[in-house]
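# Structural overview
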Amino acid sequence: MTLNLTERAPFARGGNRLCFVDPADRRRCIKVRRPDFTLADRRRKKGFPGNLRPLSWFDDNREEHRVLTVLWRRHGALLGAHLPRCHGFVDTDLGPGLITELIRDADGAISQTLKKVLWDQGLTPSCSRAVGVLGRFWIEQGIPSRDLLPHNIVAQRGADGGLRRLVVIDGLGRAGLAGTRGSRAAARRKVGNLHQRIEDLLALRGAGPSPGAFPGYHGLLFHDDAPERP
Ligand SMILES: Nc1ncnc2c1ncn2[C@@H]1O[C@H](COP(=O)(O)OP(=O)(O)OP(=O)(O)O)[C@@H](O)[C@H]1O
Ligand SMILES: [Mg+2]
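None of the values given here were measured: they were computed from a predicted structure.

Thresholds applied
Residues numbered from 1 in each chain as written. Chains lettered and ligands numbered in written order. Predicted model: local features only at pLDDT ≥ 70, side-chain atom pairs only at ≥ 80, totals over all residues. Heavy atoms only, no water. Domains from an automatic or database assignment. Contact = heavy atoms within 4.5 Å. Buried area = accessible area lost by both parts, 1.4 Å probe. Donors = N, O, S within 2.8 Å, 3.2 Å for Na, K, Ca; no water. Helix = DSSP H or I, 4+ residues; strand = E, 2+ residues; numbered from the N terminus. Buried < 20%, exposed > 50% of the residue type's maximum accessible area, 1.4 Å probe, protein only. Pairing = 2+ DSSP bridges. Axes fitted to C-alpha atoms, helices over the stretch in contact; angles between N-to-C directions. Phe/Tyr/Trp six-rings, centres within 6.5 Å; stacked < 30°, edge-to-face > 60°. Lys NZ or Arg CZ within 6 Å of the ring centre and 35° of its normal.

The next point concerns the domain arrangement of the protein. Domain boundaries in the protein define domain 1 (12-101) and domain 2 (112-205). Here the C-alpha centre of domain 2 lies 19 Å away from the C-alpha centre of domain 1. At the junction of the two partners, domain 1 supplies 21 residues and domain 2 supplies 21 residues. Summed over both sides, the interface of domain 1 with domain 2 buries roughly 1,800 Å², with 54% coming from carbon and sulfur.

Next up, the structure:
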């Protein structure tokens, strides 16, 4: 049976995908390709010679599924601290939907991205600690990833409102699924870059208590102040 998503409102949108709460299970999220930016559009935008690659190469859902499956097999339960569980695909009217764990705060709200948290509050001691914990985990386990971006990491809050953990919800894989040694060095580079990105964002935000307008829409949920709905 095909799940009807067209009628529903997504809770977030990235550059490539729309994210919906799974109507069958509020603890799960379904990601589909953006209908206004198809795989063919993405390939076209790439230019020569990247545009010679097969369409599947541009498919984040396919890649995320592949990488999460390998990683959960390789690392087991400890992965759950910083990566979502993956529950395979569901057929939807917006194409194949990847089902993953939806990260929610202790109060039930969908967790905000690290980008939003940094923008709203700056680098608080608990946030700084959480970034350190994630970075050590990434390097120790040699997790293969593309760039670690603050809008692809969500910050889960505990019952006291403090940050509980950071979960990487996008940007996994592509290279490095095979090795361990090399992948540690690669992971170290990615973590270094993340620290740099955090500093850049904080510099853009300025030192004051009330930051200006949030830069871009990446990392905003639709119930915040994201611009026009798709
Ligand atoms: N499992 C999840 N739990 C909570 N929020 C999530 C989850 N997955 C995605 N989100 C939210 O949805 C937004 C968009 O999702 P995602 O990053 O997967 O889309 P994308 O189009 O692949 O992104 P990109 O523009 O980086 O390619 C995220 O920035 C985040 O706010
Ligand atoms: Mg993303």
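Okay, the coordination of the magnesium ion (ligand 2) next. Taken together, Asn152 (OD1) and Asp170 (OD) make up the protein donors of the magnesium ion (ligand 2), found 2.1 to 2.2 Å from the metal. Placement of the pair is Asn152 in the loop between α4 (125-141) and β7 (153-157) and Asp170 in the loop between β8 (163-168) and α5 (181-205), with a sequence separation of 18 residues. Residue class for Asn152 comes out buried when judged on its relative accessible area of 8%.

Ordered by their spatial adjacency, three strands build an open sheet running β6-β7-β8, and the pairing between neighbours is antiparallel. Two strands lie at the open edges of the sheet, namely β6 (112-113) and β8, each paired on one side alone. Bridge analysis of β6 against β7 gives two bridges, and the strand direction is antiparallel. Pairing of Thr113 across the sheet is with Val154, part of β7. Strands β7 and β8 of the sheet are contacted by α4, whose axis makes an angle of about 40 degrees with β8.

Following the criterion strictly, the structure yields three aromatic pairs and no others. When the ring of Trp57 is compared with that of Phe58, the centres are 5.4 Å apart and the planes differ by 75 degrees; the resulting orientation is edge-to-face. Judged by its relative accessible area of 30%, Trp57 falls in the partly exposed class. Taken together, a centroid distance of 6.5 Å and an interplanar angle of 50 degrees make the contact between Phe137 and Trp138 tilted. By relative accessible area, which is 11% here, Phe137 ends up buried. Classification of Trp138 by relative accessible area gives buried; the value is 0%. Looking at Arg13, its charged tip hangs above the ring of Tyr217, at a distance of 4.5 Å from the centre. Here the guanidinium or amino end of Arg53 rests over the ring plane of Trp57, the centre of that ring lying 4.0 Å away.

The next point concerns the pairing of β7. The buried fraction of β7 amounts to five of the five residues, a majority that puts the element mostly inside the structure. The alternating pattern of β7 places Ile153, Ala155 and Arg157 on one face and Val154 and Gln156 on the opposite face, and all of these are buried. Here β7 pairs with β8 via five bridges, running antiparallel. Bridging across to β8, Arg157 finds its partner in Leu163. Between the end of β7 and the start of β8, which pair antiparallel, lie five residues, with Gly161 showing a positive phi angle near 85 degrees.

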